[in-house]
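So you can see what is in the structure, the chains are spelled out below.
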Amino acid sequence: MEDLQEKISSLKGVGPKKQQRFLKLNIETLEDLLYHFPRDYEDRREIKKVRDLEDGEKTTLELQVHPLKKRRAFGKGPSLLQLVGQDDTGRIVITFFNQPYLSQMITGGTKLRVYGEVKRGPRGLETTNPDFILLDEKQKNHWQEILPIYPLTKDIRHKELVKLIKNLLQTLKEKRDDENFENLPKALIDENKLCQRLMALEHIHFPKQAKGLKVAKYRLVYEEFFFLMITLNFKKTKVREQQGIFLQGDKEVQGFLQALPFEATKAQKTVIEEVLQDLKGSVPMSRLVQGDVGSGKTVVAMAALVAAVAGKSQGAMMAPTEILAKQHYETLSRFLNPLGISVGLLTGSLTPKNKKMMQEKIREGKIDVVVGTHAVIGEKVGFHNLSVVITDEQHRFGVRQRKTLSEKGNNPHVLVMSATPIPRTLAYILYGDLEVSVIDEMPKGRKPIETKTCPMEERDSVYEQMKEELNKGRQAYVVCPLIEESETLDLNAAIDLQDRLSKNILKDYKIGLLHGKMTYIEKAQVMKQFTDGELQVLVSTTVVEVGVDVPNATVMVIENAERFGLAQLHQLRGRIGRGEHQSYCYLLHQQVKEATRKRLEIMEKTNDGFLISEKDLEIRGPGELFGLRQHGIYNLKIANFFRHQSILKKVQQDVKALLQEDPKLQLEKNRKLRRILNQKLQRYRD
Ligand code: ADP
Ligand code: MG
């Protein structure tokens, strides 16, 4: 078998430089190359009549050539061959530049099949440099009827990619080793009537007819779902083998709830009950709590921590940013200290001395609950007796981080909290190893945020409306445009925006700036000024996205909102609408396509995060939505959770049956699968 894990530099014509360029398309190995699927096809099958052509249309024609009219060469300039072709309905002028040899091939009476763009010019219909073949026996078979169109970057030419893929497929075909090349279990191929892998790859790239393409697609969608599901479920069985720490904290949690300054919502109570059940179970808890921004997930987290401490053990809570960790630290201290629970903060910006002291206290068990950022897991933190681990805003965490933390204790219970709501079925798929709880109710008295999408021309009036709120004593956020893939540019945009606002529209107001390149201390200072009301307006990059809680802030302006995904806009918007006053969110956008504006308008219509993320999912796919884009296993190339639900369902059944029979994939017939799986897991290690 050709080793598909070989780098593409093993191919003829691919040197180190080209290899680099291919990396931009995420093509590293031969397998990557084969799985770089066309994003579309150019269908050249339908042969049109000249009479029916429209201006600008790309199409196939079959023509007979008139006796040659013109043949010209402009000195050293481009050569030109111009001729008239005709079918039984009309004629069209064909121009070839720079192909002088054509005048040898084409003469009056020659029959051609051409594919090109048709233009209506002063002399009637024309086409320039079309693809063509002579309609004789020799060439007829070389007509490619359906051409692949690939996603490209600017340094890679289409022709080059086509050639590489074609050659590789040819090499594989010559080996005639279908069985060895296959990566799915034979029983499943037979049962689902899937076509062979090599055939599927050949037809997805170079389909001969629609049916072959359909069969190929089906097989590849199945394959993609199969490896996604088996990876997730394989892990799940591993979790199940562990022994959980028994925690009984019902009484203490009741006490905690009664001490709250508000009544927990019904949804919060239900989820807390589910968590308490897990903590008494025989396997470690592995639960995802989903709840829209502001639904009160922290209360659930605190309940779990109370149970941990009631069981004479420690709890840990992780947040994606230091600001959020500090805020959690303050919240947890406020609610848990009165119950006699000690809370410690452990972040990357502690002085080495303080960090060491804190670590020591944690090790000795003098701290009951530790709040921190990644630093908690990144360094040598030993716990005295860790039983509950909570990660907040999970969609921002790598799966790997979650795992490292849970390895710190003796199989601690894990609670994952996410504000990006996902349909339950999808959650199961994406987080195959987690049970799912949903907080589907908001605390009483919340006023829905009023959201408006506004074109840039209305910018001044938007800021006037902001001022009205500021004059009433409220505060506001301005979120800077997101500039892709460049933190420095993001930063410049933020500084620039603050500068312009404070010189012009908002010159009478106190404005602060918050961005990702500031040190933690700087960020914390600005946040404190904003929380204390010393700053009225906070200009920020997307670092405000998560968690921040300032109830007096009631206005948010998002600049260039068209650059954000819906779920992210919803997250951002969740920073306001947290207090008693009516809140307003303005989505400023540049001139955008109708579809983009429609997408933004979804934000006006609903405050329901579930609905919004469902829309986002339809539009952008799950990888991007959950920050899993870079995670190869989740990076679906051809399968689609919505379009291919029935295939997914079947795959789910098949994988379940397969793992039921052979949970560790140890049977002889599953050996190869096991090897492929290990290979994948290693490459996309989490
Ligand atoms: P999120 O789910 O976005 O993490 P938080 O846990 O930060 O939400 O809660 C948002 C705000 O709502 C906090 O100020 C919190 O104290 C408050 N809150 C939580 N639960 C309730 C409740 N049942 N009734 C009233 N306010 C609540
Ligand atoms: Mg939160």
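We now turn to the structure provided with this report.

Rules and cut-offs
Residues numbered from 1 in each chain as written. Chains lettered and ligands numbered in written order. Predicted model: local features only at pLDDT ≥ 70, side-chain atom pairs only at ≥ 80, totals over all residues. Heavy atoms only, no water. Helix = DSSP H or I, 4+ residues; strand = E, 2+ residues; numbered from the N terminus. Contact = heavy atoms within 4.5 Å. Areas by Shrake-Rupley, 256 points an atom, 1.4 Å probe, with all protein chains shown as cover. Core = buried A, V, L, I, M, F, W, Y, C linked by side-chain atoms within 4.5 Å. Buried < 20%, exposed > 50% of the residue type's maximum accessible area, 1.4 Å probe, protein only. Pairing = 2+ DSSP bridges. Axes fitted to C-alpha atoms, helices over the stretch in contact; angles between N-to-C directions. Near = heavy atom within 4 Å. Polar contact = N/O pair within 3.5 Å; in protein donor to acceptor, adjacent residues only side chain to side chain. Nonpolar A, V, L, I, M, F, W, Y, C, P; charged D, E, K, R; others polar.

### Thoughts on the overall build of the chain
The number of helices and strands found in the chain is 26 helices and 23 strands. If you take every contact in the chain between residues at least 6 apart in sequence, the share linking residues at least 24 apart comes to 73%. Element-wise, carbon and sulfur atoms account for 49% of the exposed surface of the chain, whose accessible area totals about 33400 Å².

### Side note on the nonpolar core
Ranked by internal contacts, the top residues of the largest apolar core, which has 61 residues, are L33, L34, F225, F226 and I230. If you list the elements that add at least two residues to this core, you get helix 2 (30–34), helix 5 (158–175), helix 7 (186–191), helix 8 (197–205), helix 9 (210–240), helix 25 (645–661) and helix 26 (671–683). Ranked by residue count, the leading element in this core is helix 9, at 13 residues. Beyond its immediate sequence surroundings of up to four residues, F225 is in contact with L636, A639, N640, F641, H644, I647, L648 and V651. The next biggest cluster of nonpolar side chains, apart from the first, holds 42 residues, and it includes L260, V275, M285 and M417.

### Some points on the sheet that holds strand 22 (residues 553–558)
Strand order in the open sheet formed by six strands is 18-23-22-19-21-20, and the pairing between neighbours is parallel. Looking at which strands have only one partner, the edges of the open sheet turn out to be strand 18 (450–455) and strand 20 (511–514). When strand polarity is set aside, the average angle formed by the axes of neighbouring strands in this sheet is 20°. Relative to strand 21 (residues 537–540), strand 19 (residues 475–479) runs parallel, the two being bridged by four bridges. Among the inter-strand pairings, Y477 is bridged to a residue of strand 21, identified as L538. Lying over the sheet, helix 21 (residues 566–573) contacts strand 18, strand 19, strand 22 and strand 23 (584–589), oriented at roughly 150° with respect to strand 22.

### Description of the sheet that holds strand 11 (residues 286–291)
What the seven strands build is an open sheet, ordered 13-14-12-15-16-11-17; its pairing is parallel. Because the sheet does not close on itself, it has two edges, and the strands there are strand 13 (343–346) and strand 17 (435–439). Sheet twist, expressed as the average angle between the axes of neighbouring strands with direction ignored, equals 20°. Judged from the four bridges that link them, strand 15 (residues 386–391) and strand 16 (residues 413–418) form a sheet pairing that is parallel.

### What about the pairing of strand 17?
Burial analysis of strand 17 places four of its five residues in the buried class, the great majority of the element. Bridging between strand 11 and strand 17 involves five bridges; their strand directions are parallel. Following the sheet pairing, L288 is matched in strand 17 by V436.

### Examining the environment of Y329
Here Y329 shows up in helix 13 (residues 322–336). On the basis of relative accessibility, which here comes to 27%, the residue Y329 falls in the partly exposed class. For the pair Y329 and V369, spaced 40 residues apart in sequence, the C-alpha to C-alpha distance is 9.4 Å.

### Re the site of ligand 1
Taken together, 17 residues surround ligand 1, and among them Q268, G294, K297, T298 and R446 come closest. A distance of 2.6 Å is found between an oxygen atom of ligand 1 and a side-chain nitrogen or oxygen belonging to T298. For the shell around ligand 1, the leading source of residues is helix 12 (residues 297–310), giving three residues. Here the shell around ligand 1 is composed, by residue class, of five nonpolar, six polar and six charged.

### A few points about the side chain of T127
Along the chain, the position of T127 falls in strand 8 (residues 124–128). On the basis of relative accessible area, T127 is assigned to the buried category, the value being 3%. Of the polar contacts made by the side chain of T127, one reaches the backbone oxygen of E117; its length is 3.0 Å. Sequence-distant contacts of T127, defined by excluding residues within four places in its chain, comprise I92, V93, I94, T95, G116 and E117.

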